[in-house]
Amino acid sequence: MTRRVRKSPLVRAIQRVASAMTRTAFETGAREAGKAVARTVEAMAAPHRPPPGAGDWIAGQAIGAAGVRRFHLFRPPGIRNDERRPLIVMLHGCGQTAAQFARSTRMNRIALRERCLVLYPEQDRSANPQGCWNWYDTRSRHADAEAATLLAAIDQACLLYPVDRAAVALAGISAGASMAALLASRWPARFRAVVMHCGVPPGSAHSAASALAAMRGRRAAGSLTAEVGGLPPLLVIHGLADHVVAPVNGRAAAEQWAAAAGAQAGPPRRVQRGARYPMTVTDYRAGRRLVARLVEVDELGHAWSGGDAGQMFSDPRGPDASRMVWRFLAAQIRQRLAE
C-alpha cells in the first residue's frame, strides 16, 4: 500500500506561488513574443507602405531581359482614361524602396497639383543585395539588360495608363540617377527630359570596382558617341558636400551632355530661395537650345534636396528638387508645343 505524504501548508503555499509565477512568466513571454513578432512585421512592412495622400498607388511588374521588376504607379484622382498626361519615372537610390523614395521626394504632391503620373520602379534584392540599380555593369551587359527591363516597365505604364508618350521624363538619385542617364543615352528619343540627382555620368565605370572609383571622382566620364545624338535635355543636381558621390561627377555629366551637342556653358548665377541652401546654376546651350543645366547646391550632402525630413537620403534644407524636376519637364513640354 502506497503511503500518502501529506504536504505542509508552507510547501503548498510555495507550490501555489511557483505555479502562479510560471503561468505569469509564460503569459508575459507569449505577450512579449507576440509584440516582437508584430514589431518585426511592422519593420518589414514599413519600407513598402504606400505614401500618404489622395490618389491611387497601383502595383505592377514588368518582365524584360533582366527578369522581373516590380513597380508602383501613382495616379492622381480625377484623371480620365481618355486624357494624355506627362509621366515622371523616379528611380530610387541604394538602400531605398519605391515607397520610401516617393515619401522622401514627395513627388506625388507635385503630381497632384500638376495632374501628372509618376512611375516608381523598384530594384529586386536578388539582382543587387543593396537594392542599387546596376548602372555600372556594362562589361557583362547586365546594365543594358536592366535598362531594357526598366524600359519595358515604362512601356507597360504607357500602354495601360493615360500617358502622353511625348512627355516622359526620367529622374533618379545616386544609382538611380546613373541608371536614368544610361536609359536616356540608350533610348534618347523616348524621353523629353532626364534629371540626375548626385549621380555618375554614363561610361564612367564598367564593373563594381570601377564604379567605386567613379563615385569618388577618380574616373573620367565616357564620351557620348555621335550616333546617340538627340539627347534629351539634362538637369543635374548635386550637393557640394556630397561625400558618397563626389561633386565633380555632376559637372562631368553636364559637360558630357554639352559636348555631345556642341553646347557651351553660360555664366553661372547664384540663386537662393528663402532660408534654403544657396545654389549655383550653369546653363549649357547650343544656340538658344538648352542642352544641360547644372545645379550645384552649397552644404548639401548625399540626399534629395528639399526632401522629407523623416526619410533617409533626404535634406529639407536644400532647394526643392522635386519642384525643379517638374519645372524642367514642363519647360521642355512647352518647347515641344512651340516647335
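What counts, and at which threshold
Residues numbered from 1 in each chain as written. Predicted model: local features only at pLDDT ≥ 70, side-chain atom pairs only at ≥ 80, totals over all residues. Heavy atoms only, no water. Helix = DSSP H or I, 4+ residues; strand = E, 2+ residues; numbered from the N terminus. Core = buried A, V, L, I, M, F, W, Y, C linked by side-chain atoms within 4.5 Å. Buried < 20%, exposed > 50% of the residue type's maximum accessible area, 1.4 Å probe, protein only. Contact = heavy atoms within 4.5 Å. Pairing = 2+ DSSP bridges. Phe/Tyr/Trp six-rings, centres within 6.5 Å; stacked < 30°, edge-to-face > 60°. Expected span 1.5 Å × (residues − 1). Salt bridge = Lys/Arg side-chain N within 4 Å of Asp/Glu carboxyl O. Axes fitted to C-alpha atoms, helices over the stretch in contact; angles between N-to-C directions. Parallel < 35°, antiparallel > 145°, perpendicular 65-115°, else oblique. Left-handed = near helix turned anticlockwise from the far one by under 90°. Disulfide = S-S within 2.5 Å.

1. Description of the environment of L212
Right, so step 1: Following the sequence through the fold, L212 ends up in helix α6 (residues 208-215).
Right, so step 2: When the C-alpha positions of L212 and V245 are compared, they lie 8.9 Å apart, and in sequence the two are 33 residues distant.

2. What about unusual backbone geometry?
Right, so step 1: Phi is positive for R106, which is not a glycine, with a value near 55°.
Right, so step 2: Topologically, R106 is positioned in the loop between α2 (98-105) and α3 (107-114).
Right, so step 3: Of note in this structure, C198 is not a glycine but carries a positive phi near 50°.
Right, so step 4: Mapped onto the secondary structure, C198 falls in the loop between β6 (193-197) and α6.

3. A closer look at the nonpolar core
Right, so step 1: Formed by 54 residues in total, the largest nonpolar core has its most connected members in L87, I154, L170 and W257.
Right, so step 2: In contact with L170, not counting residues within four places along its chain, are V89, I154, A180, L183, A184, F191, A193, V194 and V195.
Right, so step 3: Counting 40 residues, the second-largest nonpolar core is a separate cluster that includes C198, M279, A321 and I333.

4. Some points on the pairing of strand β5 (residues 163-173)
Right, so step 1: Taken across its 11 residues, β5 has 9 buried, putting it largely inside the fold.
Right, so step 2: For strand β3 (residues 85-91) and β5, the ladder comprises 6 bridges, and the chain directions are parallel. Bridging from a neighbouring strand, V89 pairs with L170 of β5.
Right, so step 3: Bridging between β5 and β6 involves 5 bridges; their strand directions are parallel.

5. Topic: the packing of aromatic side chains
Right, so step 1: Under the criterion given, the structure shown has 3 aromatic pairs.
Right, so step 2: Ring geometry for F101 against W304: centres 5.5 Å apart, planes inclined by 90°, an arrangement best described as edge-to-face. One end of the pair, F101, is in helix α2; the other, W304, is in strand β12 (residues 304-305), and 203 residues separate them in sequence. Each member of the pair F101 and W304 is classed as buried.
Right, so step 3: For the ring pair W135 and Y136, a centre distance of 5.5 Å and an interplane angle of 90° mean the geometry is edge-to-face.

6. A short note on helix α5 (residues 175-186)
Right, so step 1: Here α5 is 12 residues long and its end C-alpha atoms lie 17 Å apart, about the 16 Å a rise of 1.5 Å per residue gives.
Right, so step 2: Within α5, 11 of the 12 residues are buried, which leaves the element mostly enclosed by the surrounding structure.
Right, so step 3: Turning to α5, its buried residues are A175, G176, A177, S178, M179, A180, A181, L182, L183, A184 and S185.
Right, so step 4: Looking at the packing, one finds that the buried side of α5 touches β3, α4 (142-160), β5, β6 and α7 (248-261).

7. Some thoughts on the pattern of salt bridges
Right, so step 1: The tally for this structure, following the rule as stated, stands at 17 salt bridges.
Right, so step 2: The partner of D155 in a salt bridge is R190, and the shortest N-O contact between them spans 2.6 Å. A residue pair is termed long-range when its members are at least 10 positions apart, and D155 in helix α4 and R190 in the loop between α5 and β6 qualify at 35 residues.
Right, so step 3: For R269, the salt bridge goes to D283, with nearest N and O atoms at 3.3 Å. With a gap of 14 residues between them, R269 in strand β9 (residues 269-271) and D283 in strand β10 (residues 279-286) connect regions that are remote in the sequence.
Right, so step 4: Exposure remark for R269: the relative accessible area of 36% places this residue in the partly exposed category.

8. Some remarks on α7
Structurally, the α-helix is built with 3.6 residues per turn, so residues lying three or four positions apart point the same way.
Right, so step 1: Compared with the 20 Å implied by 1.5 Å per residue over 14 residues, the 20 Å span of α7 between its first and last C-alpha is a close match.
Right, so step 2: Along α7, the residues classified as buried are N249, G250, A253, A254, Q256, W257 and A258.
Right, so step 3: Where α7 is buried, its residues touch α5, β6, α6, β7 (234-239), β10 and β11 (289-297).
Right, so step 4: Just past α7, the residue G262 takes up positive phi, approximately 65°.

9. Here's the deal with the packing of α3 against helix α8 (residues 321-338)
If you want to describe how two helices pack, look at the angle between their axes and the distance between the axes.
Right, so step 1: Direction vectors running N to C along α3 and α8 enclose 40°, while the axes themselves pass 9 Å from each other. Classified by the angle their axes make, α3 and α8 are oblique. Along this stretch, α3 crosses α8, giving a crossing that reads as right-handed. The segment α3 lies against α8, with M107, I110, R113 and E114 engaging S322, R323, V325 and W326.

10. Observations regarding the environment of E146
Right, so step 1: Tracing the chain through its elements places E146 in helix α4.
Right, so step 2: Ignoring anything within four residues of it in the chain, the contact list for E146 reads A66, R69, Q123, A127, W133, N134 and M179.

11. Some words on the state of the cysteines
Right, so step 1: All told, the structure shown has 1 disulfide when counted by the stated rule.
Right, so step 2: With its sulfur 2.0 Å from that of its partner, C94 forms a disulfide with C132. Disulfide C94-C132: the torsion about the S-S bond is 125°, which places it as right-handed. Here the residue C94 occupies a position in the loop between β3 and α2, and C132 occupies one in the loop between β4 (117-122) and α4, the gap between them amounting to 38 residues.
Right, so step 3: By relative accessible area, C132 is classed as buried at 11%.

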